[in-house]
Amino acid sequence: ARSQVHRAVDLFGLTQLIASNDKLPTGIWSLSPYVTSPLLWKSFRFVARAWVAVTSVVPLRVYVLQDGWAHLAAEPYKEEQLSTNYKTRCMHFPSPENCRYFVDKSTLRTNTQELQGDLTSRRGESEPFSFWQDTVWPSVERAATRTVLMAWPKLAQYELILRREGFLYRRVALLDMFLFIDDTGAATVHDV
(Lines give C-alpha, C1' and ligand atoms only; values in the text may rest on other atoms or scores of the structure.)
Protein backbone atom coordinates (compact mmCIF):
# COMPACT_ATOMS: atom_id res chain seq x y z
CA ALA A 1 0.00 0.00 0.00
CA ARG A 2 1.12 3.56 -0.58
CA SER A 3 1.14 4.43 3.13
CA GLN A 4 3.79 1.74 3.74
CA VAL A 5 6.23 3.05 1.13
CA HIS A 6 7.13 6.18 3.06
CA ARG A 7 7.71 6.50 6.77
CA ALA A 8 8.05 9.41 9.16
CA VAL A 9 11.18 9.13 11.28
CA ASP A 10 11.48 10.99 14.58
CA LEU A 11 14.56 11.71 16.68
CA PHE A 12 14.05 14.15 19.55
CA GLY A 13 11.49 16.25 17.70
CA LEU A 14 13.21 16.19 14.29
CA THR A 15 10.96 14.55 11.70
CA GLN A 16 12.12 13.46 8.29
CA LEU A 17 10.62 11.26 5.61
CA ILE A 18 12.33 8.20 4.25
CA ALA A 19 11.34 5.76 1.54
CA SER A 20 11.59 2.00 1.93
CA ASN A 21 14.80 1.92 -0.14
CA ASP A 22 16.52 4.79 1.79
CA LYS A 23 19.25 4.03 4.29
CA LEU A 24 18.11 4.72 7.86
CA PRO A 25 20.20 7.52 9.42
CA THR A 26 22.41 6.56 12.37
CA GLY A 27 21.04 7.07 15.86
CA ILE A 28 17.97 6.03 17.82
CA TRP A 29 14.83 6.49 15.74
CA SER A 30 11.12 5.97 16.01
CA LEU A 31 9.45 4.86 12.76
CA SER A 32 5.79 5.37 11.94
CA PRO A 33 3.75 4.93 8.75
CA TYR A 34 3.26 8.18 6.90
CA VAL A 35 -0.18 9.27 5.67
CA THR A 36 0.37 9.69 1.92
CA SER A 37 -3.27 10.55 1.14
CA PRO A 38 -4.03 13.27 3.68
CA LEU A 39 -7.10 15.41 4.13
CA LEU A 40 -6.11 18.79 2.68
CA TRP A 41 -7.05 22.40 3.33
CA LYS A 42 -6.92 24.32 0.03
CA SER A 43 -4.37 21.74 -1.21
CA PHE A 44 -2.19 22.14 1.91
CA ARG A 45 -1.35 19.28 4.23
CA PHE A 46 -1.94 19.98 7.93
CA VAL A 47 -1.37 18.46 11.33
CA ALA A 48 -4.34 18.74 13.71
CA ARG A 49 -3.56 19.69 17.29
CA ALA A 50 -6.04 18.72 20.00
CA TRP A 51 -6.02 18.85 23.77
CA VAL A 52 -7.22 16.04 25.98
CA ALA A 53 -8.06 16.45 29.67
CA VAL A 54 -7.82 13.39 31.90
CA THR A 55 -9.74 14.37 35.03
CA SER A 56 -9.73 10.96 36.69
CA VAL A 57 -7.81 7.72 36.23
CA VAL A 58 -9.88 5.45 38.50
CA PRO A 59 -12.57 5.63 37.20
CA LEU A 60 -11.20 6.85 33.87
CA ARG A 61 -12.62 10.19 32.67
CA VAL A 62 -11.28 11.66 29.42
CA TYR A 63 -12.45 14.85 27.68
CA VAL A 64 -11.32 15.95 24.23
CA LEU A 65 -11.59 19.72 24.05
CA GLN A 66 -13.78 20.84 21.13
CA ASP A 67 -11.32 23.48 19.95
CA GLY A 68 -7.98 22.72 18.34
CA TRP A 69 -5.58 24.00 15.72
CA ALA A 70 -4.60 22.94 12.23
CA HIS A 71 -0.91 23.63 11.60
CA LEU A 72 -0.46 24.09 7.86
CA ALA A 73 2.50 23.01 5.76
CA ALA A 74 4.21 25.83 3.89
CA GLU A 75 3.76 24.49 0.35
CA PRO A 76 0.85 22.77 -1.45
CA TYR A 77 0.87 18.96 -1.23
CA LYS A 78 1.30 17.03 -4.48
CA GLU A 79 0.67 13.33 -3.89
CA GLU A 80 1.34 12.44 -7.53
CA GLN A 81 4.93 13.69 -7.10
CA LEU A 82 5.52 11.98 -3.73
CA SER A 83 8.13 9.56 -5.09
CA THR A 84 10.40 12.49 -5.99
CA ASN A 85 9.44 15.22 -3.50
CA TYR A 86 9.18 13.26 -0.25
CA LYS A 87 12.28 15.01 1.12
CA THR A 88 10.78 18.48 0.55
CA ARG A 89 10.01 19.36 4.20
CA CYS A 90 8.06 22.51 3.29
CA MET A 91 5.34 20.40 1.64
CA HIS A 92 4.96 17.86 4.42
CA PHE A 93 5.46 19.52 7.81
CA PRO A 94 4.23 22.73 9.44
CA SER A 95 6.63 25.61 10.04
CA PRO A 96 9.89 24.16 8.80
CA GLU A 97 12.73 26.62 8.66
CA ASN A 98 13.66 28.21 5.34
CA CYS A 99 10.17 27.76 3.85
CA ARG A 100 8.20 30.50 2.19
CA TYR A 101 4.49 30.22 2.98
CA PHE A 102 2.12 30.33 0.01
CA VAL A 103 -0.78 31.42 2.24
CA ASP A 104 -0.91 34.17 4.85
CA LYS A 105 -1.67 31.72 7.67
CA SER A 106 0.29 28.97 9.31
CA THR A 107 -2.48 27.87 11.74
CA LEU A 108 -6.28 27.72 11.68
CA ARG A 109 -8.75 26.88 14.43
CA THR A 110 -10.32 23.48 13.72
CA ASN A 111 -13.89 24.32 14.72
CA THR A 112 -14.30 27.20 12.25
CA GLN A 113 -15.93 27.47 8.85
CA GLU A 114 -12.63 28.77 7.45
CA LEU A 115 -11.01 25.36 7.94
CA GLN A 116 -14.02 23.07 7.54
CA GLY A 117 -15.38 24.83 4.45
CA ASP A 118 -12.22 24.32 2.38
CA LEU A 119 -11.31 20.72 3.16
CA THR A 120 -10.66 18.50 0.18
CA SER A 121 -10.36 14.76 -0.07
CA ARG A 122 -10.59 12.29 -2.89
CA ARG A 123 -13.89 11.13 -1.42
CA GLY A 124 -15.54 14.21 -2.92
CA GLU A 125 -17.61 15.08 0.12
CA SER A 126 -20.42 17.42 -0.90
CA GLU A 127 -20.85 18.94 2.56
CA PRO A 128 -17.46 19.58 4.22
CA PHE A 129 -19.01 20.81 7.49
CA SER A 130 -20.90 17.57 8.08
CA PHE A 131 -17.83 15.56 6.98
CA TRP A 132 -15.81 17.26 9.75
CA GLN A 133 -18.53 16.84 12.39
CA ASP A 134 -19.71 13.34 11.43
CA THR A 135 -16.46 11.68 10.36
CA VAL A 136 -13.27 13.60 11.20
CA TRP A 137 -14.00 14.85 14.71
CA PRO A 138 -15.32 11.48 16.03
CA SER A 139 -12.17 9.89 14.58
CA VAL A 140 -10.00 12.45 16.45
CA GLU A 141 -11.88 11.61 19.66
CA ARG A 142 -11.39 7.85 19.12
CA ALA A 143 -7.67 8.24 18.36
CA ALA A 144 -7.14 10.41 21.45
CA THR A 145 -9.07 7.98 23.65
CA ARG A 146 -7.13 4.97 22.29
CA THR A 147 -3.87 6.75 23.13
CA VAL A 148 -4.96 7.36 26.73
CA LEU A 149 -6.23 3.76 27.03
CA MET A 150 -2.80 2.42 26.00
CA ALA A 151 -1.25 4.10 29.06
CA TRP A 152 -4.21 3.54 31.39
CA PRO A 153 -3.06 0.29 33.09
CA LYS A 154 0.18 1.94 34.22
CA LEU A 155 -1.60 5.16 35.22
CA ALA A 156 -4.18 3.21 37.23
CA GLN A 157 -1.40 1.32 38.99
CA TYR A 158 0.31 4.59 39.98
CA GLU A 159 -3.01 6.11 41.05
CA LEU A 160 -3.72 3.19 43.40
CA ILE A 161 -0.21 3.43 44.87
CA LEU A 162 -0.66 7.16 45.52
CA ARG A 163 -4.03 6.58 47.17
CA ARG A 164 -2.56 3.83 49.36
CA GLU A 165 0.22 6.23 50.42
CA GLY A 166 -2.39 8.79 51.48
CA PHE A 167 -2.11 11.26 48.58
CA LEU A 168 -5.79 12.08 48.20
CA TYR A 169 -5.49 15.38 46.30
CA ARG A 170 -7.01 15.55 42.85
CA ARG A 171 -4.70 14.92 39.87
CA VAL A 172 -5.51 16.23 36.38
CA ALA A 173 -3.54 15.73 33.17
CA LEU A 174 -3.70 17.86 30.04
CA LEU A 175 -2.33 16.14 26.94
CA ASP A 176 -1.29 18.01 23.82
CA MET A 177 -1.81 15.70 20.80
CA PHE A 178 -0.79 16.10 17.18
CA LEU A 179 -2.76 14.04 14.68
CA PHE A 180 -2.57 13.25 10.98
CA ILE A 181 -5.93 12.92 9.20
CA ASP A 182 -6.19 10.94 5.98
CA ASP A 183 -8.55 11.68 3.11
CA THR A 184 -11.18 9.31 4.53
CA GLY A 185 -11.29 11.31 7.76
CA ALA A 186 -9.40 8.74 9.86
CA ALA A 187 -7.15 10.33 12.50
CA THR A 188 -3.82 8.91 13.68
CA VAL A 189 -1.95 10.29 16.69
CA HIS A 190 1.51 11.39 15.59
CA ASP A 191 2.86 12.86 18.83
CA VAL A 192 1.72 13.54 22.40
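Residues numbered from 1 in each chain as written. Predicted model: local features only at pLDDT ≥ 70, side-chain atom pairs only at ≥ 80, totals over all residues. Heavy atoms only, no water.

### Concerning unusual backbone geometry
Line of reasoning, step 1. With an omega of -5 degrees, the peptide bond between V58 and P59 qualifies as cis.
Line of reasoning, step 2. Tracing the backbone shows P59 in the loop between strand 5 (44-56) and strand 6 (61-64).
Line of reasoning, step 3. Of note, K42 is a non-glycine position whose phi angle comes to about 50 degrees, a positive value.
Line of reasoning, step 4. Despite not being glycine, S43 shows a phi value in the positive range, around 70 degrees.
Line of reasoning, step 5. Examined against the element boundaries, S43 turns out to sit in the loop between strand 4 (40-41) and strand 5. (Helix = DSSP H or I, 4+ residues; strand = E, 2+ residues; numbered from the N terminus.)

### Thoughts on the packing of aromatic side chains
What characterises a pair of aromatic rings is the spacing of the ring centres plus the angle enclosed by the ring planes.
Line of reasoning, step 1. Under the definition given, this model contains one aromatic pair.
Line of reasoning, step 2. A ring pair is formed by F167 and Y169, whose centres lie 6.1 Å apart and whose planes are at 80 degrees; its orientation type is edge-to-face.
Line of reasoning, step 3. Across the ring face of Y77, the terminal group of R45 is positioned such that the distance to the ring centre comes to 5.2 Å.
Line of reasoning, step 4. Above the ring of F180, the side-chain terminus of R45 is found at 5.4 Å from the ring centroid. (Phe/Tyr/Trp six-rings, centres within 6.5 Å; stacked < 30°, edge-to-face > 60°. Lys NZ or Arg CZ within 6 Å of the ring centre and 35° of its normal.)

### A closer look at the pattern of salt bridges
Line of reasoning, step 1. Using the criterion set out here, one finds four salt bridges in the structure.
Line of reasoning, step 2. The partner of R49 in a salt bridge is D176, and the shortest N-O contact between them spans 2.6 Å. With a gap of 127 residues between them, R49 in strand 5 and D176 in strand 10 (residues 173-181) connect regions that are remote in the sequence.
Line of reasoning, step 3. Using a relative accessible area of 23% as the deciding quantity, one classes R49 as partly exposed.
Line of reasoning, step 4. According to the relative accessible area criterion, D176 is partly exposed, its value standing at 23%.
Line of reasoning, step 5. R109 is paired through a salt bridge with D67; the nearest N and O atoms lie 2.7 Å apart. Of this pair, R109 sits in strand 8 (residues 107-109) while D67 sits in the loop between strand 6 and strand 7 (69-72), and the two are 42 residues apart along the sequence. (Salt bridge = Lys/Arg side-chain N within 4 Å of Asp/Glu carboxyl O. Buried < 20%, exposed > 50% of the residue type's maximum accessible area, 1.4 Å probe, protein only.)

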